[in-house]
Amino acid sequence: MMAHLRMSLINLLGLHLIFFEDHCCLDTVWQLPRPSISHLKADVGKQSLVVSWLVNHSGLVGDINEIQISRTENHTIIYSKNISAPSGDSQEYTWTWTSDLPLNCVDHSVRIRYFYNQSVPSPWSEWVTNYGVQAKDKTEMFPFERVLREGTNVTFCCVPPRGVNITGIAFKNTKYPLISVGARVKAITVTNLTIPTIIFKVLLFSCYDTTNKINSVWNYVSFPPQKPRNLSCATSHMTTVTCTWDPGRYRDPNDRNKQTRTLHILNSDQAPINCKPSSCTFAAIPQLEQYNISLVVKDQLGEEAESYSFNISDRVVPVVEWDRLSPGVTDTTVSWVIQGNLTHLNPLCQVTVAPGSTTELNCSGVSSLCKVKLEHLLPNTLHSARVRCSVNGRLWGKWTQALPFKTCPFMTLNLWRRIGQISDPHSRQVTLLWMLSAPGSATTEIIQGYTVQWSQDGQNRTQEKDSAQTQAEVSIGPGQYDFTVTAVRHTCPSITAHITIPKLDDREILLVERRLSSSAAGGFDLNWPLQEAATCGYTVEWCSRGNAVTCTLKWIKMEEGNNTLFLPARNFKAGRRYTFNIYGCTENGQRLLEVQTGYSQELKVQSPSQVEPVQSTPSSVTLEWRYNENDPAHPAFITGYLVTVQEVGANMLPGHIANAFNVSVADPWRKSVTIEDLKQCHEYAFSVSALTKVGPGQPTGIIRTTTKCSVHLAKILIPVLLLLGCAFLLWPQRKMLKKGLREIFVYPAGMTIKTFEIASFLHEAGERVQSQKVEECVSCDIEILNSRSDLNEATTLRDPEPPSRPPSPGSQSSRSSSSASCVQPQGYCPQSATLLWEGPAFQQITCILNKNYFQPMVEDFFEPQDVTLSDINSSFDPSECLQESSCVIYGYVSTD
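The structure displayed is predicted, hence computed values, not measured ones.

Participant: Can you help me understand the overall build of the chain in this one?
Facilitator: Of regular secondary structure, the chain possesses 7 helices and 57 strands. As displayed, the chain has an accessible area near 53,400 Å², and 52% of this comes from carbon and sulfur atoms.

Participant: It is not clear to me how the sheet that holds strand S33 (residues 428-437) should be interpreted in this structure. Could you clarify?
Facilitator: Strand pairing in a sheet relies on backbone hydrogen bonds. The paired strands run either parallel or antiparallel. Taken in spatial order, the 3 strands line up as S32-S33-S36 in an open sheet, and their pairing is antiparallel. Strands at the two margins of the open sheet, each flanked by one partner only, are strand S32 (412-421) and strand S36 (471-476). When the angles between neighbouring strand axes are averaged without regard to direction, this sheet yields 20°. Where S32 meets S33, 10 bridges bridge the pair, whose relative direction is antiparallel. Bridge pairing links Ile419 to Val430 in S33.

Participant: Whenever I open this one, the side chain of His634 confuses me. Can you help?
Facilitator: Here His634 shows up in the loop between strand S47 (620-626) and strand S48 (640-648). A relative accessible area of 11% places His634 in the buried class. Setting aside residues no more than four positions away along its own chain, His634 makes contact with Gly575, Arg577, Tyr599, Tyr627, Asn628 and Glu629.

Participant: Can you walk me through the nonpolar core in this structure?
Facilitator: The tendency in soluble globular proteins is for nonpolar side chains to be buried side by side. Of all hydrophobic cores here, the largest spans 30 residues; its most connected members are Leu432, Trp434 and Phe483. When residues of this core are traced back to their parent elements, those giving at least two are S32, S33, strand S34 (447-456), S36, strand S37 (481-489), strand S38 (495-501), strand S42 (553-558) and strand S45 (589-599). Here this core takes 5 residues from S33, the largest share from any one element. In contact with Phe483, other than residues within four places in its own chain, are Leu415, Leu432, Val452, Gln453, Trp454, Val474, Ile476, Ala497, His498, Ile499 and Ile501. Core analysis: the second largest hydrophobic core is formed by 20 residues, Val605, Val621, Val645 and Ala690 among them.

Participant: Would you take a moment to explain the sheet that holds strand S23 (residues 290-299) for this structure?
Facilitator: Read from one edge of the open sheet, 4 strands run S21-S20-S23-S24, paired in antiparallel fashion. The sheet terminates laterally at strand S21 (273-274) and strand S24 (302-311), the two strands that pair on one side only. Bridging between S23 and S24 involves 10 bridges; their strand directions are antiparallel. In the sheet register, Ile293 faces S24, and the bridge partner there is Tyr308.

Participant: I tried to follow the state of the cysteines on my own but got confused; where do I start?
Facilitator: The final tally for this structure, using the stated rule, is 9 disulfides. A disulfide bridge connects Cys349 with Cys389, and the sulfur atoms are separated by 2.0 Å. Taking the torsion about the sulfur-sulfur bond, which here is approximately 100°, the covalent link between Cys349 and Cys389 counts as right-handed. Here the residue Cys349 occupies a position in strand S27 (residues 348-354), and Cys389 occupies one in strand S30 (residues 382-390), the gap between them amounting to 40 residues. Like Cys389, Cys349 is buried. Disulfide partner of Cys543: Cys551, at an S-S distance of 1.8 Å. What sets the handedness of the Cys543 and Cys551 disulfide is the S-S torsion sign, and at about -90° it is left-handed.

Participant: Is there a simple way to explain the pattern of salt bridges in this structure?
Facilitator: Pairs may arise between side chains of opposite charge once their charged atoms sit close together. Under the criterion given, the structure shown has 11 salt bridges. For the salt bridge of Asp255 with Arg251, the shortest nitrogen-to-oxygen distance reads 3.4 Å. Here Asp255 falls in the buried class, since its relative accessible area comes to 6%. With relative accessibility at 18%, the residue Arg251 sits in the buried group. Among the ionic pairs, Glu594 bridges to Arg514, the shortest N-O distance being 3.2 Å. Of this pair, Glu594 sits in strand S45 while Arg514 sits in strand S39 (residues 513-515); the two residues are 80 residues apart in sequence, bridging distant segments of the chain.

Participant: Can you help me understand unusual backbone geometry in this one?
Facilitator: A negative phi holds for most residues other than glycine; trans holds for most peptide bonds. Cis geometry is adopted by the peptide bond preceding Pro143, which originates at Phe142 and carries an omega value of -5°. Within the secondary structure layout, Pro143 lies in the loop between strand S9 (140-142) and strand S10 (147-149). The phi dihedral of Glu145 falls on the positive side, at around 50°, and the residue is not glycine. One non-glycine residue with positive phi stands out, namely Asp677, at about 60°. With respect to the secondary-structure elements, Asp677 resides in the loop between strand S50 (672-675) and strand S51 (683-692). Look at Asp677 and you get exposed, because its relative accessible area is 74%.

Participant: It is not clear to me how a nonpolar patch on the surface should be interpreted in this structure. Could you clarify?
Facilitator: A surface patch of nonpolar side chains, amounting to about 480 Å² of accessible area, comprises Ile716, Leu717, Val720, Leu721 and Leu724. Examined against the element boundaries, Leu724 turns out to sit in helix H3 (residues 710-730).

Participant: For this particular structure, what's the right way to read the environment of Glu145?
Facilitator: Within the secondary structure, Glu145 is located in the loop between S9 and S10. Glu145 sits 58 residues away from Leu203 along the chain, and the two C-alpha atoms are 9.4 Å apart. Once residues lying within four places of it in the same chain are set aside, the contact partners of Glu145 are Trp218, Asn219 and Tyr220.

Participant: Before we go on, may I ask you to explain the packing of aromatic side chains in this structure?
Facilitator: Note on aromatic pairs: each is described by the distance of the centres and the angle between the planes. Applying the stated criterion across every chain, the model contains 25 aromatic pairs. With a centroid separation of 6.4 Å and 85° between ring planes, the pair formed by Trp322 and Trp336 is classed as edge-to-face. Of the two residues, Trp322 is situated in strand S25 (residues 320-327) and Trp336 in strand S26 (residues 332-338); the sequence distance between them amounts to 14 residues. Using a relative accessible area of 23% as the deciding quantity, one classes Trp322 as partly exposed. Exposure remark for Trp336: the relative accessible area of 0% places this residue in the buried category. With 6.1 Å between their ring centres and 70° between their planes, Phe572 and Phe580 make a pair best called edge-to-face.

Calculation criteria
- Residues numbered from 1 in each chain as written.
- Predicted model: local features only at pLDDT ≥ 70, side-chain atom pairs only at ≥ 80, totals over all residues.
- Heavy atoms only, no water.
- Helix = DSSP H or I, 4+ residues; strand = E, 2+ residues; numbered from the N terminus.
- Areas by Shrake-Rupley, 256 points an atom, 1.4 Å probe, with all protein chains shown as cover.
- Pairing = 2+ DSSP bridges.
- Axes fitted to C-alpha atoms, helices over the stretch in contact; angles between N-to-C directions.
- Buried < 20%, exposed > 50% of the residue type's maximum accessible area, 1.4 Å probe, protein only.
- Contact = heavy atoms within 4.5 Å.
- Core = buried A, V, L, I, M, F, W, Y, C linked by side-chain atoms within 4.5 Å.
- Disulfide = S-S within 2.5 Å.
- Salt bridge = Lys/Arg side-chain N within 4 Å of Asp/Glu carboxyl O.
- Patch = residues over 30% accessible without salt bridge, like charges linked within 9 Å, V, L, I, M, F, W, Y side chains within 5 Å.
- Phe/Tyr/Trp six-rings, centres within 6.5 Å; stacked < 30°, edge-to-face > 60°.

If you want it as structure tokens, here you go:
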């Protein structure tokens, strides 16, 4: 009872002291208890101090604590902070402090105290010290071979032995300013550390001291672990579970900051599982559907964790393996196996082809094998296929590795036949021909051989051919036969072609050939009428060497409804005739429809042979020659002949256009021609050439012949005989004729012409005219004299020569076409020339005379002689002018 009373009094006293304002008397009345540090631990790797002390929350002790941290033996305060300890029962409180300086460099001490009423402090506790390293023989350096955090600021220190001082510190061979820590320790601070780009991620740290020694250590720089991202788990066959995640930033393999990854199944007692950097596999726990896991990533710079929950039935991801692939031309069949026998879950699979599309299908059934046919592929093309599967359509498994494959070439077997008759009229020889085409590929490398099949006499017959053969000969009877030829390939499907041989009674009848006209660009433009019976198309066949004796058969098949075909000239030889047989494909076999022949390009042909004249008349010649116009060896179709006729003579040039002409024969079957309107008794040269579309061919050698001369000789001899007869009859009257002719052609007696005087006179007159000044004509009296002659003859205008003797007086006149009229001129023109006519009558001559111009000049010139117009002596008889076709007027200048 007394003890309880004593305790109550003490508490009342304490309360009084707490609320007492005058604290100056507190120390003298009562002393607060001193706190104590129960534990101090240093984590050198993290450069942290862990401090622990007892907390007692009584009425006299508050919840505010002050902590101080000092360095060196002199207890230099470097950190101070008030800490609020959590309320509760008496317990030990732990607090952690991290130093910017490595704890090994110097001593670090810690002390604490309480605050009463948040203002009255308690006494400090004793210093508790974590001692630094004391160097003995050599300088100690910190941090040493530690992993430093990227991007942080780091302080490096050097602790020398006693009696040695630090003179410099270098980082990556670069010296930094020194920081004194205590009496002997020196330090530097490096900001924003970066990871080296060299292979080994190390940083060199060096210390220089008064002993002239250089001490160096290595440190490493890295980054702390990152929180796992996209953590997910799945199972392929319900026996194991694989979890994957994104580890984040890539870590170099030479990074010294090694990480550990641990997976914990929180809702089971299974031990933690060590994992790979981005995946972790563990055995499924029987009867456990829901999983709660935690993934922890830890290294020297820290740790990160991520949690995940899942139901194993919802995380099934099928694993697929390829089984078989069978390529085709435009499709391919692929099959695969799903591991874990999950077909009872009706998995859905996707198959993708590149280039191509994606196909989906359900793989349900008792077997784990799935198969699909990929269609709409490109032939002879390299493709690749991938497949993946899912159970619920949401969680898909991984794509398989791409499976490359090549589709088969697009090949066609073009089958044709040639039917020949043998000695037995009821048997036929059939030659089957085929062509295997594969654009852009070598067909012989992928063909194993050919199989020919047909049925005969109720039995199936077969012939095997190797890959190099392209034809087969079979003897058949008169009935209808169906042949099948199969090309067997190594890995691709076989190719089959069929053809029907019609009955012997259905053989084609001989058709008339239709000529083709070659196009301007060359080649053949074939067309034929459509046939309703041709239900499976048409076939055009021809010989590659034209109509030569040896034939290499070529053919082209056309689809139903297509009745035109153009064959370019590059596949044919110019000047060679080709014959095209056009067949219609019916249900009973091929039936010949048309035969067309022509040239891709026509050339000039050779000359005909044996050209000779067979008949000749005074004005015509008939020629004949030999020529086979239907010879298939001709380089063009014969359309006719061209006969060239040329007159041959002393004054004729061979081949001259003036004495040559052509005669055409439009009928190619006509081998003769009669050339008319030739000159009698003349020699002619003839040549014959064959005509084609491109023009005449080579001409024959020149054939010479002469027309008959009997009529021509008669025309010449009759006038000669008449002249001789007249001469004979007129011979007795020769004297009288001689006298009359003399009067006509001899000068009159006593008339003389002084030629030299006339010449001197004309010379003198010419010089006087040249000295005169040219004046304009004052008046002009023009006289026009016309005389007409036959236009068909040539007319010559010339100056008269001086006669040796005086001619008979003439006259000048003009005569029209209806009647003759003579006009005597009224003046004299000394410059005028005398017009003489050579040739028959009816020529027309026009003379223009300016009488007014010449009259004064004449008077001026002959003024000394006193000559007038009356002095001109002329003989002019108008009666003579009326009788003759023309008159010549002669004038003489008198010497009187």
